[in-house]
Amino acid sequence: PRSDCVMAEQLCLSDSICNATYRILENCALAKTRLLPLDHDSRVRCLNAEFDLGNSSLLHCKCHRRMKRQEHCLRVFWTVHSSVTDGYFSLETSPYDNPANEEHWKTDYNKLAALVSGKNCSQLAGDATNPCLKATHVCNLSKKCVRLRTEYASICTKGAGSEDVCDRRRCHRGLRNFFEKVPEDFTKRILFCPCQDEFCGERRRKTIVPDCSFQSNTKPNCLWLLDSCLEDHICKSQLADFQQNCQPADTSPDGCSLHNHAACLQAYMGMIGTLMTPNYVSNSSVEVSLWCTCESSGNQKEKCDHILGMFESNKCL
């Protein structure tokens, strides 16, 4: 059975041969993270070490989105799979196990009737024209949902209207906390609520507090954004998961290579709170994008357009 990478690492470290091989891979991954060039012999040693782990549970271990010690688990995964990150945008293996189940994502508000029952339903009844407002009110009926939503909102709005710059790192951490710890019955409705007017669309666009978590005075180059993401275990892992589950396919009727839109939406939610946080681009459409540009990309313009296109023109998403 596939184990999580924390358990697999413990098993490996208790075996002298596996331990020695794993230490080699740790040095290889460290060199890669620090962008240190490896000579030919070092590259061969790294590839041989990865090959030697062929029968180890380390090579086939995975992580879970809501597990304890998730960051440690992801570090172990990328230590063993460091060669996968060669080149731009080639993270073909997601470190996460248990992809989203399509049926799980087809639930509707009726499932939350028990929460609303016996409470002040007049407030919810008036939200028919603004599904995003209704989604917020439903969130307020859950102590965990309203607590974590209030928590990230207060962090992400500090400094607004003053000379203080928001703490983007803390804001992102608060967003990840919300989307990881609050049940998807609440989070997906807040993020994907359908809108018919711009007032509703504005509320939806501001779910992730764009002034702090999404946009800045100038748009960075998307290649720089990608490089920064690949240096962070969480961002790199969420990006790999997004690439795997939202891979577009022109030959497919639904535009999705895996035909699992639930897994794609879950992977998209995973990108929120990372360095590559996406968001709706306006109040009047469901188009999403990264906050970056491909201007001045030189001979890497095609690669840059590919990164941006995974969000802006992805039929699967």
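Residues numbered from 1 in each chain as written. Predicted model: local features only at pLDDT ≥ 70, side-chain atom pairs only at ≥ 80, totals over all residues. Heavy atoms only, no water.

Defined as follows: UniProt positions are given in the numbering used here, feature names are shortened, and annotations may be inferred rather than shown by experiment.
An unreviewed UniProt entry lists the protein under the name GFRA4 protein, from Serilophus lunatus. As recorded by UniProt, the Sequence similarities (unreviewed entry) comment attached to the protein reads in full: "Belongs to the GDNFR family."

1. Things to note about the packing of helix α7 (residues 131-140) against helix α11 (residues 198-205)
Each packed pair of helices is defined by two parameters, the angle between the axes and the distance between the axes. Quick note on the threshold: The axes are straight lines fitted to the C-alpha atoms, using for helices just the contacting stretch, and the angles between their N-to-C directions are given from 0 to 180°. Helix and strand assignments follow DSSP, with helices taken as H or I runs no shorter than four residues and strands as E runs no shorter than two, numbered in order from the N terminus. When an angle is under 35 degrees it counts as roughly parallel; over 145 it counts as roughly antiparallel; between 65 and 115 it counts as roughly perpendicular; any other value is oblique. Note on contacts: a residue pair qualifies if any of its non-hydrogen atoms lie within 4.5 Å across the two residues. Gly is put with the polar residues, along with every residue not named as nonpolar or charged; the nonpolar set is Ala, Val, Leu, Ile, Met, Phe, Trp, Tyr, Cys and Pro, and the charged set is Asp, Glu, Lys and Arg.
Across the interface, α7 lies against α11 with an axial gap of 8 Å and an inter-helix angle of 45 degrees. Comparing the axis directions of α7 and α11 gives the class oblique. Across the interface between the two elements, P131, C132, L133 and T136 from α7 touch C200, R203 and R204 from α11. Its residues assigned to classes, the contact of α7 with α11 comprises 4 nonpolar, 1 polar and 2 charged.

2. Digging into the state of the cysteines
To be explicit about the condition: Pairs of cysteine sulfur atoms within 2.5 Å are what we label disulfides. Each residue is placed in one exposure class: buried if its accessible area under a 1.4 Å probe, protein chains only, is under 20% of its type's maximum, exposed if it is over 50%, and partly exposed if it falls in between.
Inspection of the entire model under this criterion finds 14 disulfides. Here C5 pairs with C61 through a disulfide, and the sulfurs are 2.1 Å apart. With the S-S dihedral at roughly 95 degrees, the linkage between C5 and C61 falls on the right-handed side. Taken as a pair, C5 in helix α1 (residues 5-13) and C61 in the loop between α3 (40-52) and α4 (70-80) lie far apart in primary sequence, 56 residues in all. Each member of the pair C5 and C61 is classed as buried.

3. Points about the UniProt feature "domain: SWIM-type" (unreviewed entry) in the protein
In the numbering used here, UniProt assigns the feature "domain: SWIM-type" (unreviewed entry) to residues 284-315. Measuring from the first to the last C-alpha atom of residues 284-315 gives 19 Å, for a span that is 38% helix and 6% strand.

4. Here we look at a negative patch on the surface
Applicable threshold: Like-charged residues are merged into a patch within 9 Å and nonpolar side chains (Val, Leu, Ile, Met, Phe, Trp, Tyr) within 5 Å, provided each residue has over 30% relative accessible area and no salt bridge. Only the protein chains shown count as cover for residues, and all accessible areas are computed by the Shrake-Rupley method using a 1.4 Å probe. A pair is scored as a salt bridge if a Lys or Arg side-chain nitrogen falls within 4 Å of a carboxyl oxygen belonging to Asp or Glu. When charges are counted, Lys and Arg are positive and Asp and Glu negative, with His and the chain ends excluded. Taken as the charge location is NZ of Lys, CZ of Arg, CG of Asp or CD of Glu.
A cluster of acidic residues, E71, D227, E231 and D232, forms a negative patch at the surface. Within the secondary structure, E231 is located in the loop between α13 (222-230) and α14 (233-245). Under the relative-accessibility criterion, E231 is labelled partly exposed at 48%.

5. What to know about the pattern of salt bridges
Applying the stated rule across the entire model yields 8 salt bridges. When the shortest N-O distance is used, the salt bridge between R75 and E26 registers 3.6 Å. You can see R75 sitting in helix α4 and its partner E26 sitting in helix α2 (residues 16-33), a full 49 residues away along the chain. Residue class for E26 comes out partly exposed when judged on its relative accessible area of 21%. One salt bridge connects R189 with D185, and the closest N-O pair in it is separated by 3.5 Å. Linking R189 with D185, this pair stays in helix α10 (residues 184-191), spanning 4 residues, or about one helical turn. No difference in accessibility class separates R189 from D185, as the two residues are buried. Connected through shared salt-bridge partners, E9, R23, E26 and R75 make up one network.

6. Quick word on a positive patch on the surface
A cluster of basic side chains, namely R66, K144, R147 and K181, defines a positive patch on the protein surface. Counting through the fold element by element, K144 comes out in helix α8 (residues 143-156).

7. Some details on the confidence of the model for the protein
Selection criterion: The predictor attaches a confidence to each residue, called pLDDT, with possible values from 0 through 100.
Across the protein, pLDDT averages 81, with 83% of residues at or above 70. The low-confidence segment residues 84-89, where pLDDT is below 50, has 20 contacts with residues more than four positions distant or belonging to other chains. Every residue in residues 105-126 scores below 50 in pLDDT, and together they form 33 contacts with partners more than four places removed in sequence or on other chains.

8. Focus on unusual backbone geometry
Look at R69: it is not a glycine, yet its phi comes out positive at around 60 degrees. Within the secondary structure, R69 sits in the loop between α3 and α4. Positive phi, close to 60 degrees, is recorded for S296, a residue that is not glycine. The topology assignment puts S296 in the loop between β2 (288-289) and α16 (301-312).

9. Section: the environment of N27
By secondary structure assignment, the location of N27 is in helix α2. Counting along the chain gives 19 residues from N27 to C46, while the straight-line C-alpha distance between them is 8.7 Å.

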